[in-house]
Amino acid sequence: MSKIIGVIGAGTMGSGIAQVAAQCGHSVYLMDANVEQLERAKNGVSTSLEKLVEKGKITVEQKSSIESNIHYVGQLEGLSTCQLIIEAIVEKMEVKHSVFFSLEKIVSDDCILASNTSSLSIASLGSSLTKADRVIGIHFFNPATIMPLVEIIPAVQTSEATINEAVSLIQSWGKTVVLCKDTPGFIVNRVARPFYGEALRIYEEGLADFATIDWAMTHFGGFKMGPFALMDYIGNDVNYAVTESVFSAFYFDSRFKPSFTQKRLKEAGFFGRKSGRGFYDYSSGALSPEPTLNNDLGLKIFHRILLMLINEAIDAVFMQVASKEDIDLAMTKGVNYPKGLLAWADEIGLENILNQLQVLFDEYGEDRYRPNPLLRQMVKRKQTFF
Ligand SMILES: NC(=O)c1ccc[n+]([C@@H]2O[C@H](COP(=O)([O-])OP(=O)(O)OC[C@H]3O[C@@H](n4cnc5c(N)ncnc54)[C@H](O)[C@@H]3O)[C@@H](O)[C@H]2O)c1
């Protein structure tokens, strides 16, 4: 059924979310405080739809009908008739609080107020509302038009009715929905941390260079991109900020410790692809460094990073962040992992994983390598995840 959807913030995420909703036949009000940004968003949506026409996925008529579904507005007042509003503005709690506070005076009592935040607490966002049972996290992945995963995050204040409505609406947009607890990094940005963090640690210990670690993960692990190529793609400024935010939100748990190597790149302005240099050099004519094609070394690197990822996925089950099914779905649909980490753990054997983690823990004596208590319990009981 067609609804009236509001999106606040016409940047990277907001314009994509607006396009997804408009393609599903909803009437969308896309609001941004910056008029030029609204113009850019309008052009961006048009270009993106044009590509769909070229590929034969939609007709020219459908393109113009989708475009006419989106109304570009410069004031929050333009969202007064919306039934669901997704906020996708700057990642600053005080700015989001102020927008939510103003919004509640404009919309009807039953309008759901959602945030696309990657890292902020939904409970805290809800604290700026009088009727807080309508607050919820609806976290899309970039680019929102293409990535199938959406994490839905109820806060302690959120009502069952709000959860049910948000889940069925986002599913009706063709998205794969996973439910998760209002905890730092939700599922994907929490469970994926070791992909970057352990790769950086391996580099810092001098075990291998970037190209070799990337080769190990793509060649032996089947990951689409290695950690360093991916960090350069995401942007070292953005990726470092997420790591730092998850680290501090977890009360400085050493599992999430950020790396000086990445911090220095960020400080130097070596953000990755977008700045022309990151872990790799993207200037024209630059040669790609060759990996050291040593199978023993490659397997050692791949196993160590995979063990850490699996331990993190197990912790998310242990801490009831989400169901085991949703955790595996999130990592395959949100960040394109070749397999769900828990299914992968079953395949390798939980006892095998526990033994390998224990070797790392004994060798380093650091808390970051501690095997998860759930893993120990499951090995004792000879259980598997699936
Ligand atoms: N970029 C990503 O990969 C990604 C992925 C998932 C979630 N997110 C989250 O989505 C949100 C938006 O991120 P983005 O990358 O699209 O940002 P962006 O910088 O591309 O866009 C933000 C937009 O919000 C507008 N804006 C800022 N303050 C405003 C206000 N008070 N009222 C109205 N408009 C305002 C800006 O003009 C800008 O156009 C953030 O919370 C971010 O954490 C981002």
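Quick caveat, the model's predicted, so the values are computed rather than measured. (Residues numbered from 1 in each chain as written. Predicted model: local features only at pLDDT ≥ 70, side-chain atom pairs only at ≥ 80, totals over all residues. Heavy atoms only, no water.)

### Points about the overall build of the protein chain
When helices and strands are counted, the protein chain shows 17 helices and eight strands. The globule rule puts the C-alpha radius of gyration for 386 residues at 21 Å, and the 22 Å found for the protein chain is close to it. Projected onto its principal axes, the C-alpha positions of the protein chain cover 60 × 55 × 40 Å. By sequence separation, contacts in the protein chain at least 24 residues apart represent 70% of the contacts at least 6 residues apart. For the protein chain, the accessible surface area stands at approximately 17,400 Å², while carbon and sulfur atoms represent 53% of it. Of note, the protein chain has its 37 positive side-chain charges centred 2 Å away from the centre of its 44 negative side-chain charges. (Helix = DSSP H or I, 4+ residues; strand = E, 2+ residues; numbered from the N terminus. Rg over C-alpha atoms; globule rule 2.2 N^0.38 Å. Contact = heavy atoms within 4.5 Å. Areas by Shrake-Rupley, 256 points an atom, 1.4 Å probe, with all protein chains shown as cover. Lys, Arg positive; Asp, Glu negative; His and termini not counted. Charge placed at Lys NZ, Arg CZ, Asp CG, Glu CD.)

### Things to note about the packing of helix 9 (residues 210-219) against helix 10 (residues 227-234)
One can describe the packing of helix 9 onto helix 10 by two numbers: an axis separation of 7 Å at closest approach and a directional angle of 105 degrees. Looking at the two axes, helix 9 sits roughly perpendicular to helix 10. Of helix 10, the residues touching helix 9 (which contributes Phe 210, Ile 213, Asp 214 and Met 217) are Pro 227, Phe 228 and Ala 229. Here the residues of the contact of helix 9 with helix 10 are counted per class, giving six nonpolar, no polar and one charged. (Axes fitted to C-alpha atoms, helices over the stretch in contact; angles between N-to-C directions. Parallel < 35°, antiparallel > 145°, perpendicular 65-115°, else oblique. Nonpolar A, V, L, I, M, F, W, Y, C, P; charged D, E, K, R; others polar.)

### So, the packing of aromatic side chains
All chains considered together, the criterion is met by 17 aromatic pairs. Between the aromatic rings of Tyr 203 and Phe 210, the centroid separation amounts to 4.3 Å while the plane-to-plane angle is 35 degrees, which identifies the pairing as tilted. In this structure an aromatic cluster arises from ring pairing among Phe 195, Tyr 196, Phe 223, Phe 302, Tyr 337 and Trp 344. (Phe/Tyr/Trp six-rings, centres within 6.5 Å; stacked < 30°, edge-to-face > 60°.)

### As for the site of the ligand
The immediate surroundings of the ligand are formed by 23 residues, with Met 13, Asp 32, Gln 37, Glu 91 and Lys 96 found nearest. Separating an oxygen atom of the ligand from a side-chain N or O atom of Lys 96 is a distance of 2.8 Å. Asn 142 places a side-chain nitrogen or oxygen 3.3 Å from an oxygen atom of the ligand. When the ligand sits alone it has 830 Å² of accessible area, and the protein chains cover 73% of it. (Near = heavy atom within 4 Å. Polar contact = N/O pair within 3.5 Å; in protein donor to acceptor, adjacent residues only side chain to side chain.)

### Some thoughts on the environment of Leu 207
Here Leu 207 shows up in the loop between helix 8 (193-204) and helix 9. Once the C-alpha coordinates of Leu 207 and Leu 297 are considered, the two residues, 90 residues apart in sequence, prove to be 8.4 Å apart. The contacts of Leu 207, once residues within four sequence positions are left out, are Ile 202, Leu 297 and Arg 304.

### With respect to the sheet that holds strand 7 (residues 149-154)
If you walk across this open sheet you meet the eight strands as 3-2-1-4-5-6-7-8, and the pairing is mixed. A single partner strand is all that each edge strand has here, and the edge strands are strand 3 (70-73) and strand 8 (176-179). For this sheet, the mean inter-axis angle between neighbouring strands, taken without regard to orientation, is 25 degrees. On top of the sheet, helix 2 (residues 35-54) reaches strand 2 (27-31) and strand 3; it is set at about 165 degrees to strand 3, its chief contact. (Pairing = 2+ DSSP bridges.)

### Some remarks on the environment of Val 20
Locating Val 20 in the fold gives a position in helix 1 (residues 12-23). The exposure class assigned to Val 20 is buried, which follows from its relative accessible area of 7%. Between the alpha carbons of Val 20 and Trp 173 there is a distance of 7.1 Å; along the sequence they are 153 residues apart. Not counting chain neighbours up to four residues away, the residues in contact with Val 20 comprise Ala 144, Thr 145, Trp 173 and Lys 175. (Buried < 20%, exposed > 50% of the residue type's maximum accessible area, 1.4 Å probe, protein only.)

### Thoughts on the pattern of salt bridges
One pass over the full model with this rule turns up 23 salt bridges. With a closest N to O distance of 2.7 Å, Glu 198 and Arg 368 form a salt bridge. Taken together, the positions of Glu 198 in helix 8 and Arg 368 in the loop between helix 16 (350-364) and helix 17 (373-380) put the pair 170 residues apart, joining distant regions of the chain. For the pair Glu 198 and Arg 368, a shared accessibility class is recorded, and that class is buried. For Lys 339, the salt bridge identified is with Glu 347, shortest N-O distance 2.8 Å. Look at Glu 347 and you get exposed, because its relative accessible area is 55%. Among the ionic contacts, a cluster of salt bridges with common partners joins Arg 190, Asp 253, Arg 255, Glu 312, Asp 315, Asp 367 and Arg 370. (Salt bridge = Lys/Arg side-chain N within 4 Å of Asp/Glu carboxyl O.)

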